[in-house]
Amino acid sequence: MNVVGKSVARLEDPPLLRGQGAFAADISFPRQLHMRVVRAEVAHALLVSVDVAAALDAPGVVAVWTGEDVAAIPPIPFRATKLKGLEPYCQPILARGRVRYVGEPVAVVFAEDAALAEDAADLVMMELEELPALLDAAAPPGNFDTTHATEPAVVRKGYGAVETTLAGAHVVLELDLYIGRHSGVPLETRGAIARHDAATDTLELHGTAKKQHWNRDEIARLLGRPPSSVHLFEGHVGGGFGVRGELYPEDLLVCLAALRLGRPVKWIEDRREHLIATNHSREQRHRIRAAVDAEGRILSIENTFFHDQGAYVRTHGARVADMSAGLLLGPYRVPAYRVTGHFRLTNKTPAATYRAPGRFEGSFVRERLMDAIAARCGIDRIEVRRRNFVTAAEMPYTRPLDALGTDVVLDSGDYALLLDKALARFGWTARQEEVARRRAAGEAVGLGLGVFVEKSGLGPSDGVRMSVDASGTVELVTGAASVGQGVETALAQIAADALGVDYRRVRVVRGRTDRIEFGSGAHASRVTVMSGSATHLAGLALRERALETAATLLQAPREVLRIEQGVVRRSDLPDGPTLPIGEVARALAPGMPLARGQATPGLTTESWFHSDHMAYPYGVHLAQVALDRGTGKVSVEHYLVAYDVGRAVNPMMVEGQIAGGFAQGLGGALYEEFRYDERGQPLCTTLADYLIPTIAEMPPLDILVTEDAPSPLNPLGVKGAGEGGTNAVGAAIASAVDDALGGRGLVTRLPITPREVLRMLGEIEA
Amino acid sequence: MKPPPFAYHDPRTLDEAIALLAGLPNARPLAGGQSMMPMLNMRFAQPDHLVDLNRITGLETVEVEPDGTLAIGAMARQRDLERHPAVARSCPMMVEALGQVGHRQTRNRGTIGGSLCHLDPAAELPLVAAASDAVVVAAGPKGRREATFADFARGFMTPGLDPDEVLVAVRLPALPAGAGCCFLEFARRHGDFAIVAVAVTLVPDAAGRIALARIALGGVGPVPLRLPEAEAALRGAAPGADAFGQAAATTRHLDPMEDALVPAWYRRHLAGVLLGRALATAAGRMGRA
Amino acid sequence: MTETLHTETLHAETLHQVALTVNGRPVRLQVPARRTLAEALREELGLTGTHLGCEHGVCGSCTVLMDGAPVRGCLVLAVQAEGCAIRTVEGLAPHGAALHPLQQAFADHHAVQCGYCTPGFLMLALAILEEDPDMTEAEMVERLSSNLCRCTGYVGILRAVRAAAASWPRTRPA
């Protein structure tokens, strides 16, 4: 019985439902110390001195460190980026000489318990000389230090002759658009617990997520240890969304402290810290210009944008700006394109990826542009998109662009078909009539849409190790990680089908560097595609080996044997002899006759999957909104996400990803924004000020998952499902609000706040 | 985000509590804790002594006095008031307001006295007190005293209590016959503190005109604000769009608080819109004089 | 009843004795005054199913039942729980036993992704169902709005609570 494609129950749920999860704060070791970080309370200042004397004398305090104490540790590095010259902008683990954002770690206190550490942290005194805070990435760059400006790099990409299209264009449109700063804000804050096992000279870090192997290698390098003496462990992870599991200063500080102080060290971030210290995202201003012919066909796009990176370049380097540049064009055919992305630092919390990074932003920009083209050319908003779509016949479609270090080749897709299906499901035509009727009665209602192409399955390679034990239980060890999205279940389903076992008999081991040498973690919607494909290959290889062995044991031809529910049977003799795969594994154990001559004993295999290109899922978001003319409140009355994922391994979990992703997109579209005052003080430092949607804010949500365009790039045909729910929420809601305001292109900024709506309502009534 | 160290006291009588507050340096009372505990966890409040009022009996009573005054003990839980038949009869506006105080879950612990003493400028219960001409009862070493809510609400999050005084009750005069009430607020998310809230009571005369109007606004000033100009404008007027529009227009002269997240103009605008809507609703709820 | 804790650093913080029941079993705690109920459950009793998501009363991850009513465990001091009956997620289904019908509904309707908010939502849902399984859909949404989830968009949670309500035992005929 095949389980891939079925909404089977999640393997992860029972312990989580019983309160038996192992989240970071749930991990403790005997004699552990607690770390508290003392953070800058000023956005930009010279750090003249730090006085830790009073803190050192406080009850329960074991040590207090400042930047001087960790000066030998290099700053936090970044992963692959093609841009040169980012190194001077990396963040030191504790500030030295200057602080650059409110929340920057300046000192750390180690004490016997968390409350005592916090008591002592309050006693650390800083002498600061405040400097002007740079808060606008679109303003002229300032000084990062005495030798570097606050623009580390400019991302440039493009193809075709943009200039020549301008002359022959029917219209040239120009838009100025802004996406507000917001971020993942998982319900579990970060945490890190380090201990050094002196008996084996092994440094362990617990509470990790997302990128264990890369982080392990870098921690080892920065602390001058062999990588094999450092191990990272992942327990349960309370939401990732891009922000958790990057290498942060606190991760290194607990490791260093465990080594220096000879005791386990635990750090649990508090919520205020989380909102000022964990990666922010999204803040970008775009000036976009398009040349269009009389039929509304795009001739060229010029995209100039300013990316607000915050105070330091973190582990992603310039990746979000790079994706904003390389993936902006989405589903449309654009003959000429030029992008200039100003990657700039400001005195705010450093930024990096958040679910659909660069695409939530890009879809808002591109789809605002498509609406503007429709309005200017007098063409229906749906029609203008249809006219510009890359067609199914053109697939695979190569764009002379790169993103994430690989060329953009759209692998498969039928964008027009999905748009048709979405419009029908949503009842677009009937809703248009409803909107017209209600407008006539004085209401401000509107419909909106966003069409987008996602990306997933970032390569280059992923490996898994799969073994069957004597009980017939399958262990799948993967270098992937889980941030709570159901990785174990999805991989178990794939393994189960490939090998021929019950998926509930597959134990998935992930997020541990001590069990597998290599891994790429969980990010960029890559796990199902990359690790899933490797799992599929491993399952097939293991099945083959099991059948060959069983053929010998059962004295039967290999061709008549099959594995069902973990038992080898003869397909030609329904009542013939059977052999549980646990018995097959036993027969391959070291010392058994059949194991001789095998390179590796046991029923075990390791398989790798390689891919040079990404798989591109695509989707359509449709929204209906009503505006309150008195308060400016936006009510989303109905919403549809249509998403083609090639093939859904577990449709229930795919829908879960979309619904959750939508709620986050809704936050970014209407509620969530990290705001600052003119001195760079963050204004949203509690969950009462940073407005995550509650269930009461959720509109009726319809989800349409299609499988019209399986990816030709992997054996399963899958594409990642993690980010499509978020991608175009800003775009579609902006489009709908703008439609309710008369379709005049007034909506240029996210999030759309009630008072902005009021101001715009005033403009249409004035 | 751990509270600073403090000494904890849990007196069983009001006199003990007052003696503790009077005798201990930097002592603060603790009621339902739904505002105080976040302030402690975030270390915005750093008392040396915390005097827990939760074990004192007799402070959670709800009574209707012979003249119809609704007397509510300061430690009455918001959730209990929300479903108390006497509150529903005597002060329906409070029930409507309570539905918007945080969430049902926080109302299980939150008390009316705690909310009045915390005196957040946008909080619902102080606004109800202001709109109801409430009188508060405080007890201290020198005995009990009463104060109008207007006198009690001294300034931004500053109740008119001495450090050794405890708010013990709030008394809401009986509503005149036929009064229609409405409590309305606007917040970004359900359950959040309001940006602006409005509480309205309209009392009809025998002819169905408005004999008396009581209007209070929250989120506009440092404390709940009564609108005497609007109240005067409505006195003797026939309920309807004209009168309500005129009353709502008086909000144009307001000079609301401005902070980095919400500009004054938006609060002023919301005050007018919500007042107009609340008046219409309250008028619809009026009965016979 | 108090006593003083002496550590090797000679720091002194008064410890309070607190007697209460947790999931039906009597327990005694020794805690400093500043320790919240949620922290005490986690650190003193090892009941780490009660999670802390904000420690300022907004997210609801620390929801436990106190004498039957759902409360924020981060906004109650452990010392205030003297004599109280506390119920936590660990009490829903005994170790090794089948899931509680509410837990099963959460699994059946994909109400769990990362699982961090789950114990708080389970206890909140338990309380509102015990009080009134016949609530309307709008009331259910309103009552569930006190807790935050960042993974599911609440779709599965609402379905699960709706399904649990449908089969919830009624004490009296509806």
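Higher on the page you've got the structure.
Because the structure is a prediction, the values reported are computed rather than measured.

Enquirer: Hey, could you run me through the interface of chain C and chain A in this one?
Expert: Often, the extent of an interface is quoted as the loss of accessible area upon association of its parts. Listed by partner, the interface residues are 46 residues for chain C and 46 residues for chain A. Among the elements of the structure, α2 (101–108), α3 (118–131), α4 (137–144) and α5 (155–166) of chain C are those that each provide at least two residues to the side of chain C that touches chain A. By residue class, the composition of the side of chain C that touches chain A is 22 nonpolar, 19 polar and five charged.

Enquirer: Even after reading the chapter, I still don't get the nonpolar core, so can you show me in this structure?
Expert: Most often, soluble globular proteins have nonpolar side chains that are buried together. All names here are of chain A. By size, the foremost hydrophobic cluster in this structure holds 401 residues, and its most contacted members are Val109 and Ile733. Ranked by the residues each element gives to this core, the list is headed by helix α14 (residues 527–554), at eleven residues. Here Val109 is in contact with Arg36, Val38, Ala55, Val61, Val64, Ala117, Ala120 and Ala121, once residues within four sequence places are set aside.

Enquirer: Just checking my understanding: could you explain the packing of helix α9 (residues 359–377) of chain A against helix α10 (residues 381–388) of chain A for this structure?
Expert: Any two packed helices are characterised by the angle at which their axes cross and by the distance between the axes. All names here are of chain A. Across the interface, α9 lies against α10 with an axial gap of 9 Å and an inter-helix angle of 110°. One finds that α9 runs roughly perpendicular with respect to α10. α9 and α10 meet at a crossing whose hand is right-handed. Contacts from Met370, Asp371, Ile373, Ala374 and Cys377 of α9 reach α10 at Arg381, Val384 and Arg385. Across the contact of α9 with α10, the residue classes break down as five nonpolar, no polar and three charged.

Enquirer: How should I be thinking about the interface of chain B and chain C in this particular structure?
Expert: Each partner contributes residues to the interface: chain B has 24 residues there, and chain C has 23 residues. When residues of the side of chain B that touches chain C are traced back to their parent elements, those giving at least two are β1 (7–9), α2 (36–41), β3 (49–52) and α6 (104–107) of chain B.

Enquirer: Even after reading the chapter, I still don't get the sheet that holds strand β10 (residues 202–206) of chain A, so can you show me in this structure?
Expert: Whenever strands of a sheet pair, they do so through backbone hydrogen bonds, lying parallel or antiparallel. Residue and element names in this part refer to chain A. Across the sheet, seven strands lie side by side as β3-β5-β1-β12-β9-β10-β11; this open sheet has mixed pairing. Looking at strand neighbours, the two that pair on one side only are β3 (61–66) and β11 (230–232), the edges of this open sheet. Shown here is a sheet whose adjacent strand axes are inclined to one another by a mean of 20°, direction ignored. In this sheet, β10 lies alongside strand β9 (residues 191–197) in antiparallel orientation, the contact comprising five bridges. Bridging from a neighbouring strand, Asp197 pairs with Thr202 of β10. The sheet contacts of helix α6 (residues 249–261) involve β1 (33–39), β3, β5 (105–111), β9, β10 and β12 (265–268), and relative to β9 the element is tilted by about 25°.

Enquirer: Just checking my understanding: could you explain the pairing of strand β4 (residues 63–66) of chain C for this structure?
Expert: Successive residues of a regular strand alternate their side chains across the two faces of the sheet. All names here are of chain C. The alternating pattern of β4 places Thr63 and Leu65 and Val64 and Met66 on opposite faces, both of which are buried. Across four bridges, β4 lies against strand β5 (residues 69–72) in antiparallel orientation. Paired with Thr63 across the bridge in β5 is Arg72. Between β4 and the antiparallel strand that follows it, β5, lie two residues; Asp67 among them carries a positive phi value of about 50°. Sheet analysis places β4 next to strand β6 (residues 85–87), joined by two bridges and oriented antiparallel. Paired with Leu65 across the two strands is Arg87, which belongs to β6.

Calculation notes
Residues numbered from 1 in each chain as written. Chains lettered and ligands numbered in written order. Predicted model: local features only at pLDDT ≥ 70, side-chain atom pairs only at ≥ 80, totals over all residues. Contact = placed C-beta atoms within 7 Å. Helix = DSSP H or I, 4+ residues; strand = E, 2+ residues; numbered from the N terminus. Nonpolar A, V, L, I, M, F, W, Y, C, P; charged D, E, K, R; others polar. Core = buried A, V, L, I, M, F, W, Y, C linked by C-beta atoms within 7 Å. Buried ≥ 20, exposed ≤ 12 C-beta atoms within 10 Å, placed from the backbone. Axes fitted to C-alpha atoms, helices over the stretch in contact; angles between N-to-C directions. Parallel < 35°, antiparallel > 145°, perpendicular 65-115°, else oblique. Left-handed = near helix turned anticlockwise from the far one by under 90°. Pairing = 2+ DSSP bridges.

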